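# Inside the fold
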Amino acid sequence: SRTSTAARSVLLVGGDDDESTEALWFALQQLDKQQQLHIAQTAPLLYGTMFFDTMESDDKQRVGLWWLKGGTGMADTLGHIVLNKTTLGHTSMIIHLNLAQPSAISTTLTNWVAILEKHVKAG
């Protein structure tokens, strides 16, 4: 199989900056030991690249994986690096909610949606 560098998707991970969001980040890294995964562990913006087999061809799909570590404050400051005119059309986001803290769910979602909206509009 060939590795395609042209077709690229982005998966953005955000949420409260706690151990459970970190656990999600590491779980994403362990999805499949056969995949090629390269993670640059530089806080507050962590980046990784994953390659997945596609159903349509023998090519591998390249996915950029970003974690806006540092919570909404860092995302508000650094979000433009990930969310910009070049990436918006092929970016998905996981907003991680810590269900062990049900009183924080609404606040977490509200804060992340506001940051997403700001960066998407600035695009």
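Below or above, wherever it landed, is the structure these notes cover.

Thresholds, definitions, all that
- Residues numbered from 1 in each chain as written.
- Predicted model: local features only at pLDDT ≥ 70, side-chain atom pairs only at ≥ 80, totals over all residues.
- Heavy atoms only, no water.
- Helix = DSSP H or I, 4+ residues; strand = E, 2+ residues; numbered from the N terminus.
- Buried < 20%, exposed > 50% of the residue type's maximum accessible area, 1.4 Å probe, protein only.
- Contact = heavy atoms within 4.5 Å.
- Arc of directions from axis to C-beta.
- Axes fitted to C-alpha atoms, helices over the stretch in contact; angles between N-to-C directions.
- Parallel < 35°, antiparallel > 145°, perpendicular 65-115°, else oblique.
- Nonpolar A, V, L, I, M, F, W, Y, C, P; charged D, E, K, R; others polar.
- Salt bridge = Lys/Arg side-chain N within 4 Å of Asp/Glu carboxyl O.
- Polar contact = N/O pair within 3.5 Å; in protein donor to acceptor, adjacent residues only side chain to side chain.
- Core = buried A, V, L, I, M, F, W, Y, C linked by side-chain atoms within 4.5 Å.

### Points about the overall build of the chain
- Across its full length, the chain carries three helices and five strands.
- Across the chain, helices and strands are ordered from the amino to the carboxyl terminus as β-α-β-β-β-α-β-α.
- Taking all 123 residues of the chain together, 34% fall into the buried category.
- For the chain, the share of sequence-separated contacts (at least 6 apart) that also reach a separation of at least 24 residues comes to 59%.

### With respect to helix α1 (residues 19-29)
- Residues of α1 that are buried: T21, W25, L28 and Q29. The buried residues of α1 occupy an angular sector of 110° when projected down its axis, which confines them to one face.

### Quick look at the packing of helix α2 (residues 71-82) against helix α3 (residues 105-122)
- Running from amino to carboxyl end, α2 crosses α3 at an angle of 10°, the nearest separation of the two axes being 10 Å. In terms of their interaxial angle, α2 and α3 are classed as roughly parallel. Two secondary-structure elements touch here, α2 through G71, T72, A75, D76, G79 and H80 and α3 through N111, W112, I115, K118 and H119.
- Across the contact of α2 with α3, the residue classes break down as three nonpolar, six polar and two charged.

### Describing the pattern of salt bridges
- Counting across every chain of the model gives one salt bridge.
- The partner of E117 in a salt bridge is K121, with the nearest N and O atoms 3.8 Å apart. You can see E117 and its partner K121 sitting in helix α3, four residues apart, about one turn around the helix.

### Examining the side chain of H96
- Here H96 is to be found in strand β5 (residues 91-96).
- Judged by relative accessible area, which is 15%, H96 ranks as buried.
- Within the structure, H96 has its side chain in polar contact with the side chain of T21 (distance 2.9 Å).
- Setting aside chain neighbours within four positions, we find H96 in contact with G14, G15, D16, D18, S20, T21, L24 and T108.

### Some remarks on the side chain of T87
- Relative to the helices and strands, T87 resides in the loop between α2 and β5.
- Residue classification places T87 among the buried positions, given a relative accessible area of 11%.
- Residue contacts for T87: discarding those within four places in its chain leaves V10 and V82.

### Comments concerning the nonpolar core
- Among the nonpolar cores identified, the biggest contains twelve residues, and these are V10, L12, L45, Y47, W66, L68, A75, L78, V82, L83, W112 and I115.
- At the level of elements, β1 (2-15), β3 (45-53), β4 (59-68), α2 and α3 are the ones that each hand at least two residues to this core.
- No other element matches α2, which puts three residues into this core.
- The next biggest cluster of nonpolar side chains, apart from the first, holds nine residues, and it includes V13, W25, M50 and W67.

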